[in-house]
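Inside the fold
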Amino acid sequence: MNKRIILSLAALLGAALCLNAQSFQEGFFLRNYNLAYQYNPAFVGDNDFLSAGKLGYSIRNNVGAGSFLFPDGGSLLTGLNSSIPAETFPGALPENSRIKGMMDISLVSYGFRRGDAFHTIELNLRGTADVSVPKEVFGFLKQGTGVGTVDLGRFHVEDNVFAELAYGYGHKVNDWLSLGARAKLLVPVQGAGCDITRLDVTASQELLLIGFRGRLDMTGSPDKKKRFWLNGGGLAVDLGIVATPAEGLTMSLSLLDLGGMFWHYGKGYSSVGSFAFKGFDKLGSDQLNGQYLKDYFLEKGMDFVKSLKPMQQRSWWEWQWLPVQANLGIKYEMPFYRRLALGATGRYLGCAGLPYWEGRFGLEINPLDWLDMTGNFGKGSQGLVYGFAAAVRICRFRLTAGYQNGCSGTVPYSSVSIGPNFKSMTLSLTYDL
Amino acid sequence: MKRLIPLLFSILAIAGCENQAYDLDRLDKEVTLFEDGIAVPLGNVGPFTLELASKSETLGKVMSNLFQAESDGTIVCQGSEEFYRLNVYEVIAKSENPSQPTTFKIFDKSTSPFAAAGMFMMLGFSTADQKITMELTNPVREAFTIGGSAEYSCTNTMTYEPAFKETKSLDGMSIPSSSDKVKILERSIPDTVTYAVSNLSLKDFSFSLPGDLMNKIRSSSSADFVFTSNYSSHIAAGDRINFDLASLLGSISVFFKLPIGAYCLEDAEVSFELQSTVPMQVTLSDLKLLTGEMPAENPELEVTPGTLVINGGSLEKPGVTPVTLRIKSLSGFIPDITGVKVGLKLSSAPGYEKTLLSMKQGISVKSASGTLRGGITFGSNE
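The structure presented is a predicted model; accordingly, all values stated were derived computationally and were not measured. (Residues numbered from 1 in each chain as written. Chains lettered and ligands numbered in written order. Predicted model: local features only at pLDDT ≥ 70, side-chain atom pairs only at ≥ 80, totals over all residues. Heavy atoms only, no water.)

1. Details of the overall build of chain B
Within chain B, the secondary structure is distributed over 6 helices and 25 strands. Split into buried and exposed, the 382 residues of chain B put 45% on the buried side. If you sum the accessible surface of chain B, you get close to 19300 Å²; carbon and sulfur atoms cover 55% of it. (Helix = DSSP H or I, 4+ residues; strand = E, 2+ residues; numbered from the N terminus. Buried < 20%, exposed > 50% of the residue type's maximum accessible area, 1.4 Å probe, protein only. Areas by Shrake-Rupley, 256 points an atom, 1.4 Å probe, with all protein chains shown as cover.)

2. A look at the overall build of chain A
Summing up its helical and strand segments, chain A has 3 helices and 22 strands in all. Looking at the 433 residues of chain A, the share that counts as buried comes to 52%. Considering only residue pairs separated by 6 or more positions, chain A has 69% of its internal contacts joining residues 24 or more positions apart. (Contact = heavy atoms within 4.5 Å.)

3. Here's the deal with the interface of chain A and chain B
Taken together, the 51 residues of chain A in the interface contact 41 residues of chain B. Summed over both partners, the interface of chain A with chain B comes to about 3800 Å²; 62% of that surface belongs to carbon and sulfur atoms. Connecting chain A to chain B are 1 salt bridge. Applying the counting criterion to the chain A and chain B interface returns 10 residue pairs in polar contact (both at pLDDT 80 or more). Elements represented by at least two residues in the side of chain A that touches chain B include exactly strand S2 (69-72), strand S3 (75-78), helix H2 (135-143), strand S13 (280-283), strand S17 (337-349), strand S18 (356-368) and strand S20 (383-394) of chain A. Its residues placed into classes, the side of chain A that touches chain B shows 26 nonpolar, 20 polar and 5 charged. Strand direction decides the pairing type here: S3(A) and strand S1 (residues 27-28) of chain B, joined by 2 bridges, are parallel. Paired with A:Leu76 across the strands is B:Leu27, a residue of S1(B). (Buried area = accessible area lost by both parts, 1.4 Å probe. Salt bridge = Lys/Arg side-chain N within 4 Å of Asp/Glu carboxyl O. Polar contact = N/O pair within 3.5 Å; in protein donor to acceptor, adjacent residues only side chain to side chain. Nonpolar A, V, L, I, M, F, W, Y, C, P; charged D, E, K, R; others polar. Pairing = 2+ DSSP bridges.)

4. Side note on a negative patch on the surface
All names here are of chain B. The grouping of Glu 70, Asp 72, Asp 129 and Asp 191 at the surface amounts to a negative patch. Along the polypeptide, Asp 129 turns up in strand S8 (residues 126-137). You can call Asp 129 partly exposed: its relative accessible area is 38%. (Patch = residues over 30% accessible without salt bridge, like charges linked within 9 Å, V, L, I, M, F, W, Y side chains within 5 Å. Lys, Arg positive; Asp, Glu negative; His and termini not counted. Charge placed at Lys NZ, Arg CZ, Asp CG, Glu CD.)

5. Details of the pairing of strand S7 (residues 155-172) of chain A
All names here are of chain A. Where strand S5 (residues 117-134) and S7 come together, 16 bridges link them in antiparallel fashion. Considered in S7, the bridge of Glu 122 is made with Ala 166. Sheet analysis places S7 next to strand S8 (residues 177-203), joined by 18 bridges and oriented antiparallel. What sits directly across from Ala 163, in S8, is Val 187. What sits between the antiparallel neighbours S7 and S8 is a turn of 4 residues.

6. Section: H2(A)
Those residues of H2(A) not exposed but buried are A:Lys135, A:Val137, A:Phe138, A:Gly139, A:Phe140 and A:Lys142. Note on H2(A): the residue one or two positions beyond its end, A:Gly144, has a positive phi of about 80 degrees.

7. A word on the nonpolar core
Ranked by size, the top nonpolar core spans 65 residues in total, and within it B:Ile106, B:Leu136, B:Ile146, B:Phe205, B:Phe207, B:Phe225 and B:Phe227 carry the most contacts. Per-element tally for this core: the top contributor is strand S13 (residues 197-209) of chain B, with 6 residues. For this core, the domains that each give at least three residues are domain 1 (23-53 + 242-376) and domain 2 (67-236) of chain B. Formed by 35 residues, the second largest nonpolar core is a distinct cluster that contains A:Ile84, A:Leu199, A:Phe212 and B:Ile334. (Core = buried A, V, L, I, M, F, W, Y, C linked by side-chain atoms within 4.5 Å. Domains from an automatic or database assignment.)

These values are about where atoms sit, not about what they do.
Here is the structure:
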């Protein structure tokens, strides 16, 4: 494989914590949040604004540190410790251990109110990363093979980054109903995916046999001379409806990212092969030393790499759906104190392989005109969740920050969750025009 | 309101808290892989031959002093010895009338020509293709005849009785003038005789010399009648090998270091085939592994089998011995192995008695494989 491929693979793995666009649902509760239309395009803003920076990320994982580490008295044991039974590790792991990350960077956003309509134009950069490791890998390390074949296939690593040019339109139909939609032009920027569909290991007294089938695909021009290359394109829409049937009561329903895009993988490599090791071949007495054996195994390692025999594949197109989001929200301003609102939100995220749902109760307080705070607590498909956000308006600037996390706890001095978890963060800055 | 906000932050603080039970400072790094076992092929090792051993500086020197190898590797014991010299001037001095022909007699002379073959006899091996010659160098520039006989015998090294004895008459044999190493005896010992020629003698030997020897000496530097014996023999396995080192000297210990203690193995098994082209049966008995800085037997280690019999073979028909060696710790893990103690016995291999010893014979390990049960442990704190 050439250097570029190796670097792409390394970047792919390093980007595992790179993340995707997630609607900032705390924005539903914040009154000073200009970008609420991203949660529901039917939200009609009161003022024109310009935004030159928004960063959001989320990470979801169906396994946490607690799937691999086990407290035992005063010690912390790994799953590979002999004290941990196989039923616990890897028995309790899901079929595939997955980490899925999403990123959303808003490069520029412009919104303007004209009569009952609110228009938004924005340019975003969004990305996803996904790593999936099959349970059999840990089973092989824990239990070995005895005499038999172990299938370690179903590895998957992927990252995609695409640009999004969106136009949004929200319209107050009447005093209590608003409708909105956003049309998004999607342009793939960079994508790569690696799948290992077969990795059989057969270990017996006569033979160690490894069978392999895998594929690596990357976007890019198959012709090195072409400096500019389109990696595909697509469309998506957001739809929303906001209703305020009674004073202080707001209800929101939105469907986001209905659509997808074509990806053109200009560079692809596939590998099918097998490697057999039958032991030493006439090892002599003068070769029974550490250095020779080390060199011997290094040579066998290189033979294994050569057996992978990557073959260049023709470029191909693939349609990928965006992970659709459905958001539902309701909030009610307390009649005795309008600056306090209680509410609830629900969300469904249809990511392939790791769908997500949650429901939360939320509270919002707006003690000062320039300060909003909100907090929420609920339960999702990966356990209990909580979140909080604040929006501050200073002169014409509005700074918003929000954080969501699960309740499984973290490993001390790190942000690694103990159990399956969902975590996200959003930071944005807008300027009222 | 005043109560609500602190409550909210308390909930958030509890929900996002670090779980001290997962503090990585407490992490036990002990990891055991392949707990249910794993088998791996180890392949072939060797062959380990005498030819390989002869490349060692010390051992090679010792071996080259004892025997040689023919082009095909067959071991041959060869010896050449000048066992008697008779100076012409001594004959002249003892002659009654030096100017006249004379018959000169010498006392019986004998030698043991078997060279290094004798060492092999002590170990129980047999000789094969034995050949003896006797030569006479004539320093006189005139031919003469000799008389008497040459007698040679082989001794049974167990009973010390003659296993073979023969006498050849030398009467009337002519020795050419000024000749070097004239063969006066050349005999291939019958194959039925498997003991080395231990005695070669001249009996009633006499020279029938011409007169006036003084003027017929070939050169002043070479005025001796020289008797030389030559011996060569291959070594065969035979049927007498019974070298029980264990009974003689007890178990022998071989020290080495196999650092497997760090991997916390409980039960390891190595299976292989020993392929031997050496025409001997080797019995390893009372096999024990040694452990510790001062290598000593470890009662907590069980080694099976305790006795191993390696079948003999030949280059044409190697002998195969399947072996499954299992090392099991009766408590805890297998520590570093620092040696092995074993009783050694060599005996004849049935069917290979006539096989000649060769430098190319040796032992190979074929189709070796290892099976680990209980896993391999790394990072143990013990």
